[in-house]
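Chain and residue survey
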Amino acid sequence: MDEVIQVTQWLSSITPRKKAKLFFFTTHADAPSPMVGSNGVDTHEETQLPLATTVALHNFKNIDEFLKKKVNTFSCYNVIENEITKTDYEYLRFYSACKYLDVVPPFLDLERISAIQNKFEMTDEERDYRLLLDSADLMLEKVCDSLKPAGVSQMWTALRKDGNLIRGVKTIDIIGFFVDPNPTGIKECLFFFIVRFLQKADKINRVNTNRLERLIAQCDESSSCEEGKTIDFIIDSLRFYPTELYPFGFCLIMCVIEGRDGAMQEIEKTMEISRHLGMITHTEKNPTKETIELVKKELMKPKYQFYSSFTCWFMSHGDSNSMVLADGETIEREWFLTSFPDISTFQLKPKVFFMVSCRGANKFSLKGDEFEGQSATCDYYDIGSALIRNRMLDITDSVRDISYVQPMMDTLVAYSTILDHLSGRANTHGSIYVDRACVLMSENISRGRSLTEILEHLSQDLHEILQETMDEDRIVYKQACHYDSFFRKTLKLPYTRHPKEDVHSAPQ
């Protein structure tokens, strides 16, 4: 069959709503900064124009032409070995979006996708199409699905009133002030236009969504929300880190085994809970400085930008400032913690570090006969508060910036003990902190708990456990854990596990 006919038939089989979503996912905005194409045209403007004309004319002709152009580009694309190109990214994004929406063109060359995945050095696990979907775009899709056409229309009206933001923008004028978002697919096109416009204007990104929240907050709840949804529910959904679908993120486990009884148990537990949470996991036993540098270099590879979060377990002996490696060398804990968050592939994504080691020799000892022989180690956005807000500083958009981010932002560091104190271990099971952390995370899957809620529960749970030193003094003591958070959103554990075997990846 002629390829033109195939493409035409494929487009005719896709609903308007799915066309709008496919366009949105395919024009994914990794970075909000303006990009200029090879023809000198702002590519953000290029991707907004089809949405604007579709909303204005109630006609999907320009979106169809955009998708046809993409398919034609991919059909004649020759995969160049050892060189990752912009088209490689676009091809993978397009394929994953089609797979997600169940509109994969029957003529799409899946072998070419496999060749591109080879260039990214993707493992079997990483060839799952869900890894290639952008979790922030999926979160925005859910927001769109929660709004009625009237709600998106009200957002548009609120945006149009911001003269400083929209002045001189041609695509804004194409749509006009009043729009009818009721025809099928138009609501989605208008919402996705608003999102991409705010990203281009550097007003929102995957972490900073306040400007979008303010537009939604101006909607009338009775007419703007789908059944079962509220304005508060929709805004709250934007205050979580986007970690939709599988995998939940990438997990790095580093564990010094030498001289640490129960270390293998620690590895098994952390691997089990990481996989249970839907993470793709890599383990380094007995790490050295060289190992750490090699891992950092590995994490800078392009494929890691597809992950939505990063978690690291580091388990070893240590003191107040440093951690002991397998070869007896030490590294400064602060150096380790500040070097990983600066890796560009995980910028604007949650990064969690579990630091499991002693931070000194002090212990919270318990005195008294009743404790002898007892231990576990022997084996601001409230719309209704206008009155208060009127008394506060008026922070205008002109003094806000989301472009520059301090490297430690979006990072959480969880310590197994407080400064200058011991971190307790069981003779055969390793770190008690690791054991309790894994148990609590496992128990809280499907309960909608955030990571910080679980860490607070862990702090309570661990501090109830009586431990005993393994020296001749046999001192009974308690351990206190804590965490330092630079999070700007809430990180929730996944509601359900998404096992790899449920979804077929591209052929290899």
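Residues numbered from 1 in each chain as written. Predicted model: local features only at pLDDT ≥ 70, side-chain atom pairs only at ≥ 80, totals over all residues. Heavy atoms only, no water.

As named in an unreviewed UniProt entry, the protein chain is Caspase, taken from Penaeus japonicus.

Notes on the side chain of Thr270
We apply this condition: Secondary structure counts use DSSP, requiring at least four H or I residues in a row for a helix and at least two E residues in a row for a strand, with both numbered from the N terminus. Think of it in three bands: residues with accessible area under 20% of the maximum for their type are buried, residues over 50% are exposed, and the middle band is partly exposed, with areas taken using a 1.4 Å probe on protein chains only. Polar contacts, as used here, are pairs of N or O atoms within 3.5 Å; protein pairs need one atom able to donate a hydrogen and one able to accept it. Residues neighboring in sequence count only if both atoms are side-chain atoms.
With respect to the element layout, Thr270 can be found in helix α16 (residues 263-276). Assessed through its relative accessible area of 0%, Thr270 is described here as buried. Looking at Thr270, its side chain comes within polar contact range of the main-chain oxygen of Glu266, at 2.8 Å. From its side chain, Thr270 meets the backbone oxygen of Ile267 in a polar contact 3.1 Å long.

Looking at empty space enclosed by the protein
Counted only if it meets this: In this analysis, the protein atoms alone were mapped onto a 1 Å grid. Cavities are point sets where a 1.4 Å probe fits without being able to get out; pockets are open sets with protein on both sides within 12 Å along at least five of seven lines; lining residues have an atom within 4 Å of a point. Grid points are joined across faces, edges and corners, and a volume is the space filled by probe spheres set on the points. Lys, Arg, Asp and Glu make up the charged group, whereas Ala, Val, Leu, Ile, Met, Phe, Trp, Tyr, Cys and Pro make up the nonpolar group; the residues left over, Gly among them, are polar.
Approximately 130 Å³ is the volume found for the largest cavity. Taken together, the elements giving at least two residues each to the lining of the largest cavity come down to α16, β3 (310-315) and β6 (351-356). When its volume is computed, the second largest cavity comes out at roughly 70 Å³. Around the second largest cavity, the lining residues are Arg130, Leu131, Leu133, Asp134, Ser135, Leu138, Glu244, Tyr246, Pro247, Phe306, Tyr307 and Ser308. Contributions of two or more residues to the lining of the second largest cavity are made by α7 (129-132) and α8 (135-146). Tallied by class, the residues present in the lining of the second largest cavity amount to seven nonpolar, two polar and three charged.

Concerning the nonpolar core
Where a protein is soluble and globular, its nonpolar side chains tend to be buried together. Here is the rule: We define a nonpolar core as any set of buried Ala, Val, Leu, Ile, Met, Phe, Trp, Tyr and Cys residues linked to one another through side-chain atoms lying within 4.5 Å. Contacts are assigned to residue pairs with any non-hydrogen atoms lying within 4.5 Å of each other.
Ranked by size, the top nonpolar core spans 100 residues in total, and within it Leu22, Phe191, Phe336 and Phe340 carry the most contacts. At ten residues, helix α12 (residues 186-200) tops the list of elements feeding residues into this core. Setting aside residues no more than four positions away along its own chain, Phe340 makes contact with Leu252, Ile292, Val295, Lys296, Leu299, Phe310 and Phe353. If you look at the next biggest cluster of nonpolar residues, it comprises 38 residues, including Ile253, Cys438, Phe487 and Leu491.

Let's talk about the pairing of strand β1 (residues 249-255)
Consecutive residues of a regular strand have side chains that alternate between opposite faces of the sheet. Rule in force here: Whether two strands pair comes down to DSSP finding at least two bridges between them. By convention, orient the strands away from the viewer: a clockwise path from the first strand over the helix to the second makes the crossover right-handed.
Most of β1 is tucked away, with seven of its seven residues classed as buried. Examined bridge by bridge, β1 and strand β2 (residues 279-285) share seven bridges and lie parallel to one another. Note that in β2 the partner of Leu252 across the bridge is His282. The handedness of the β1 to β2 crossover, carried by α16, is right-handed.

As for the packing of aromatic side chains
Keep this limit in mind: When the centres of two rings from Phe, Tyr and Trp lie within 6.5 Å, Trp using its six-membered ring, the rings pair. Their planes under 30 degrees apart give stacked, over 60 give edge-to-face, and anything left gives tilted. By definition, being over a ring means that NZ of Lys or CZ of Arg is both within 6 Å of the ring centre and within 35 degrees of the ring normal.
Throughout the structure, instances matching the rule amount to 29 aromatic pairs. Taken together, a centroid distance of 6.4 Å and an interplanar angle of 10° make the contact between Phe250 and Phe310 stacked. Here Phe310 lies in strand β3 and Phe250 lies in strand β1, a separation of 60 residues in the sequence. Classification of Phe250 by relative accessible area gives buried; the value is 5%. On the basis of relative accessible area, Phe310 is assigned to the buried category, the value being 3%. Among the aromatic side chains, those forming a connected cluster through ring pairs are Phe250, Tyr304, Tyr307, Phe310, Phe314, Phe336, Phe340, Phe346 and Phe353. The positively charged end of Arg359 is found above the aromatic ring belonging to Tyr415, 4.1 Å away from the centroid.

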